[in-house]
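Descriptive analysis of the structure
Chain by chain, the residues run as shown.
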Amino acid sequence: MTRPKKLDEHHIEMKVGELDGWSALNGALRRDVQFKDFVSAFGFMTRVAMEAEKMDHHPNWSNVYNKVSIELSTHDAGGITELDFDLAEKINQLL
């Protein structure tokens, strides 16, 4: 399996523009999501966790009651890769 390569800033900006709800900040894709309650937020995180595990690519995230903050970056590559965009798209599909 080939290691993902870090994308250049221009490529990241173009792809972020096509990805609803996400931004690029400090070398990671970021998205904050709010749900109606804790159970909904936790259920969403569980669904994302199952997809992330299949991809062997896991988000940095936090949850406070009904809010989930997500950061995606590929640590081995030192920044944002296509793998991060793939996971972001899957996350959007789960919303």
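Data block above holds the structure.
Residues numbered from 1 in each chain as written. Predicted model: local features only at pLDDT ≥ 70, side-chain atom pairs only at ≥ 80, totals over all residues. Heavy atoms only, no water.

1. Side note on the packing of helix 2 (residues 38-55) against helix 3 (residues 82-94)
Two elements in contact, helix 2 and helix 3, have axes whose closest approach is 10 Å; the angle formed by their N-to-C orientations is 145°. You can see that helix 2 and helix 3 cross each other, and the crossing is right-handed. Touching Phe44, Arg47, Val48, Glu51, Ala52 and Met55 of helix 2 are Leu83, Asp86, Leu87, Lys90, Ile91 and Leu94, all from helix 3. A per-class count over the contact of helix 2 with helix 3 returns eight nonpolar, no polar and four charged. (Axes fitted to C-alpha atoms, helices over the stretch in contact; angles between N-to-C directions. Helix = DSSP H or I, 4+ residues; strand = E, 2+ residues; numbered from the N terminus. Left-handed = near helix turned anticlockwise from the far one by under 90°. Contact = heavy atoms within 4.5 Å. Nonpolar A, V, L, I, M, F, W, Y, C, P; charged D, E, K, R; others polar.)

2. Concerning the layout of surface pockets
Volume-wise, the largest pocket comes out at about 240 Å³. Around the largest pocket, the lining is made up of 13 residues, and of these Asp56, His57, Thr74, Asp76 and Leu83 lie nearest the centre. A per-class count over the lining of the largest pocket returns four nonpolar, six polar and three charged. (1 Å grid on protein atoms, 1.4 Å probe; cavity = no way out; pocket = protein on both sides within 12 Å on 5 of 7 lines; lining within 4 Å. Points joined across faces, edges and corners; volume = space filled by probe spheres on them.)

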